[in-house]
Amino acid sequence: MYTVPKLEDFSPASLEAATAELHGALEAEALAAVDTKTFEDFRNRWMSRKNGLLTQVNDLWLKAAPGPAKRDVGRIVNAIRQFVEVLVSNAEQQASRLALGAKLRSETIDISLPGIERPLGVRHPVLRTLDELVSVFVKMGYSIAEGPEVESDYYNFEALNFPPNHPARDTQDTLFIANQEQRAQRDRLLLRTHTSPVQIRTMEKLAPPVRVICPGKVHRNDAPDATHSPVFHQLEGLCVDTNITFGDLKGTLDHAMKSLFGSEVKTSFRPSFFPFTEPSVEVSISCPFCGGKGCRPCKQSGWIELLGAGMVDPNVFGFVDYDPKKLSGFAFGMGVERLTMMNYNVDDIQQFFYGDMRFLEQFA
Ligand SMILES: [Zn+2]
């Protein structure tokens with residue numbers, strides 16, 4: 001490693017040789033500054049005030065020079081100082097450039113590697129149908145009400161005019177929560193078999209007039225097959241006010257069906273029975289696929305049965321402290337899967353619950 005020599009001879013030739021040796025060492029050391037650490041070592045070695053090589057040059061060459069040589073040595077030492085400053089500045093730039101290059105190389109990404117493709121999610125077809133239904137009724141001024149899926153016997157049956165042991169209960173095969181024998185029957189918990197308990201809960205909370213739809217999941221102890229599933233979705237609606245008539249029910253559902261299936265669709269109302277409505281009706285629409293001529297979805301009849309509906313039974317108002325002498329109303333309900341199967345021409349309700357991507361990707 002280079003050290004600054006003591007000079008005995010201050011002749012121009014001797015000074016020139018000593019300077020050339022110093023320059024050679026300086027240039028070689030500057031090239032070795034390849035990162036922050038080596039650069040700082042290099043700078044300190046040459047420029048440190050205390051015992052840097054420049055300080056040594058000053059002491060050993062300039063201060064030691066005899067009187068007549070001082071001027072020339074001073075000029076040489078000044079030039080050396082300037083040369084050291086230039087090389088230190090260059091070495092600093094070189095070191096930071098090399099350090100950046102090394103950092104970039106270490107962080108290189110192989111852009112030829114295949115990426116991980118994450119497919120975008122889409123709405124499930126059943127929820128898509130439910131959204132469409134909800135938006136039709138929201139535009140008609142209905143608001144959305146929700147309630148628990150684990151319900152009490154009271155809200156699921158009793159308050160909806162299904163007295164204990166009434167045979168109408170048998171039409172809804174019910175899944176009960178276990179180990180509740182010690183409870184009174186009305187407090188026993190079950191998985192709701194319809195969204196109708198939400199209508200009772202809404203009327204308990206709100207003074208009339210009421211216009212709500214209740215979308216949601218319901219459960220029945222049905223063996224799964226092409227048209228039955230132990231879990232499915234319903235959308236129910238309830239309208240209560242003064243002077244609500246069967247004409248309002250027909251007008252509302254006719255308008256809703258035309259909004260969903262097109263203005264040429266006709267509705268038909270046939271008498272039926274539900275414990276919580278009187279009178280009750282089954283509502284059919286003219287087949288939107290064949291226009292009534294007969295096709296596979298309508299089983300060649302030209303009509304498709306879609307809804308149950310009716311005027312709210314005055315007994316139900318009794319459970320929620322509504323005055324049946326002043327108020328009247330209608331309710332309706334439909335199965336969302338059934339509508340979705342018809343809309344998308346799906347022939348097995350189980351497809352909606354298998355989670356089979358080959359089926360679901362058709363709706364992406
Ligand atoms: Zn048809």
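The structure we're discussing is the one just above.
First things first, this report covers the structure right here in the doc. (Residues numbered from 1 in each chain as written. Predicted model: local features only at pLDDT ≥ 70, side-chain atom pairs only at ≥ 80, totals over all residues. Heavy atoms only, no water.)

Let's talk about the pairing of strand E4 (residues 210–219)
Counting buried residues along E4, eight of its ten residues qualify, which places the element largely inside the surrounding structure. Bridge count between strand E1 (residues 143–144) and E4: two bridges; the pairing is parallel. Across the sheet, Ile-144 pairs through a bridge with Ile-213, a residue of E4. Pairing geometry for E4 and strand E5 (residues 231–241), over ten bridges, is antiparallel. Bridge pairing in E5 places Lys-217 opposite His-233. (Buried < 20%, exposed > 50% of the residue type's maximum accessible area, 1.4 Å probe, protein only. Helix = DSSP H or I, 4+ residues; strand = E, 2+ residues; numbered from the N terminus. Pairing = 2+ DSSP bridges.)

A look at the coordination of the zinc ion
Protein coordination at the zinc ion: the donors are Cys-287 (SG), Cys-290 (SG), Cys-295 (SG) and Cys-298 (SG), at 2.1 to 2.3 Å from the metal. For the zinc ion, the four donor atoms in the first shell make angles of 104 to 116 degrees at the metal, so the coordination geometry reads as tetrahedral. Read from N- to C-terminus, the donor residues coordinating the zinc ion fall into the pattern C-x2-C-x4-C-x2-C. Of this pair, Cys-287 sits in the loop between strand E7 (277–286) and strand E8 (303–312) while Cys-298 sits in the loop between E7 and E8, and the two are eleven residues apart along the sequence. Residue class for Cys-287 comes out buried when judged on its relative accessible area of 2%. Judged by its relative accessible area of 3%, Cys-298 falls in the buried class. (Donors = N, O, S within 2.8 Å, 3.2 Å for Na, K, Ca; no water. Tetrahedral: all angles 85-135°; square planar, octahedral: opposite > 155°, others 65-115°.)

Comments concerning helix H3 (residues 53–63)
Buried residues of H3: Leu-53, Leu-54, Gln-56, Val-57 and Trp-61, and no others. Looking straight down H3, one finds that the buried residues subtend no more than 150 degrees of arc, so they occupy a single side. Each element contacted by the buried residues of H3 is listed here: helix H1 (12–31), helix H2 (36–47) and helix H4 (70–106). (Arc of directions from axis to C-beta. Contact = heavy atoms within 4.5 Å.)

Quick look at H1
Over its 20 residues, H1 runs 29 Å from end to end, which matches the ideal 28 Å to within 8%, given 1.5 Å per residue. Within H1, the full set of buried residues consists of Ser-14, Leu-15, Ala-18, Thr-19, Leu-22, Ala-25, Leu-26, Glu-29 and Ala-30. What you see down the axis of H1 is that its buried residues fit within an arc of 135 degrees, all on one side. Residues of H1 that are exposed and point over 90 degrees away from its buried face: Pro-12, Ala-13, Glu-16 and Leu-31. Buried residues along H1 sit in contact with H2, H3 and H4. (Expected span 1.5 Å × (residues − 1).)

Brief notes about the pairing of E8
Burial of E8 is extensive: eight of the ten residues sit out of reach of the surface. In terms of strand pairing, E7 meets E8 through eight bridges, oriented antiparallel. Of the residues in E8, the one forming a bridge with Ser-286 is Trp-303. Note: E8 against strand E9 (residues 328–335), five bridges, orientation antiparallel. For Ala-309, the partnering residue across the bridge sits in E9 and is Phe-332.

Some points on the pattern of salt bridges
Side-chain pairs of opposite charge can arise where the charged atoms are in close proximity. Going through the model one piece at a time under the given rule, you end up with twelve salt bridges. Between Glu-29 and Arg-45 there is a salt bridge whose closest N-O contact spans 2.8 Å. Taken together, the residues Glu-29 in helix H1 and Arg-45 in helix H2 connect sequence positions 16 residues apart. Between Glu-151 and Arg-201 there is a salt bridge whose closest N-O contact spans 2.8 Å. Of the two residues, Glu-151 is situated in strand E2 (residues 150–152) and Arg-201 in helix H7 (residues 196–205); the sequence distance between them amounts to 50 residues. Accessibility expressed as a relative area gives 24% for Arg-201, which makes it partly exposed. (Salt bridge = Lys/Arg side-chain N within 4 Å of Asp/Glu carboxyl O.)

Points about the sheet that holds strand E6 (residues 267–274)
Read from one edge to the other, the open sheet built from seven strands follows the order E1-E4-E5-E9-E8-E7-E6, with strand pairing classed as mixed. The sheet is open, and its two borders are formed by E1 and E6, each paired with just one other strand. Pairing geometry for E6 and E7, over seven bridges, is antiparallel. Considered in E7, the bridge of Ser-268 is made with Ser-284. Along the sheet face, H7 touches E4, E5 and E9 and points at about 35 degrees away from the line of E5. (Axes fitted to C-alpha atoms, helices over the stretch in contact; angles between N-to-C directions.)

Things to note about the environment of Asp-153
Along the chain, Asp-153 turns up in helix H6 (residues 153–156). Asp-153 sits 35 residues away from Arg-188 along the chain, and the two C-alpha atoms are 5.6 Å apart. Apart from residues lying up to four places away in sequence, Asp-153 is in contact with Glu-158, Arg-169, Phe-176, Gln-185, Arg-186, Arg-188 and Leu-190.

Some words on the nonpolar core
Among the nonpolar cores identified, the biggest contains 43 residues, and Leu-235, Met-257, Phe-261, Leu-306, Phe-332 and Met-334 are the most heavily contacted of them. When residues of this core are traced back to their parent elements, those giving at least two are helix H5 (125–139), E5, helix H8 (246–261), E7, E8, E9 and helix H10 (336–344). When sequence neighbours within four positions are dropped, the list of residues in contact with Phe-332 reads Phe-137, Tyr-142, Ile-213, Leu-235, Glu-236, Gly-237, Leu-238, Leu-253, Leu-307, Gly-308 and Ala-309. With 28 residues, the next largest nonpolar core counts Ala-18, Ala-25, Ile-80 and Ala-91 among its residues. (Core = buried A, V, L, I, M, F, W, Y, C linked by side-chain atoms within 4.5 Å.)

Overview of the packing of H5 against H10
Interhelical geometry of H5 versus H10 gives an angle of 105 degrees and a closest axis separation of 9 Å. By the angle between their axes, H5 is roughly perpendicular relative to H10. Seen from H5, the contacting residues are Pro-125, Val-126, Arg-128, Thr-129, Leu-130 and Leu-133; seen from H10, they are Val-336, Glu-337, Leu-339, Thr-340, Asn-343 and Tyr-344. (Parallel < 35°, antiparallel > 145°, perpendicular 65-115°, else oblique.)

In short, shape yes, function no, at least from these values alone.
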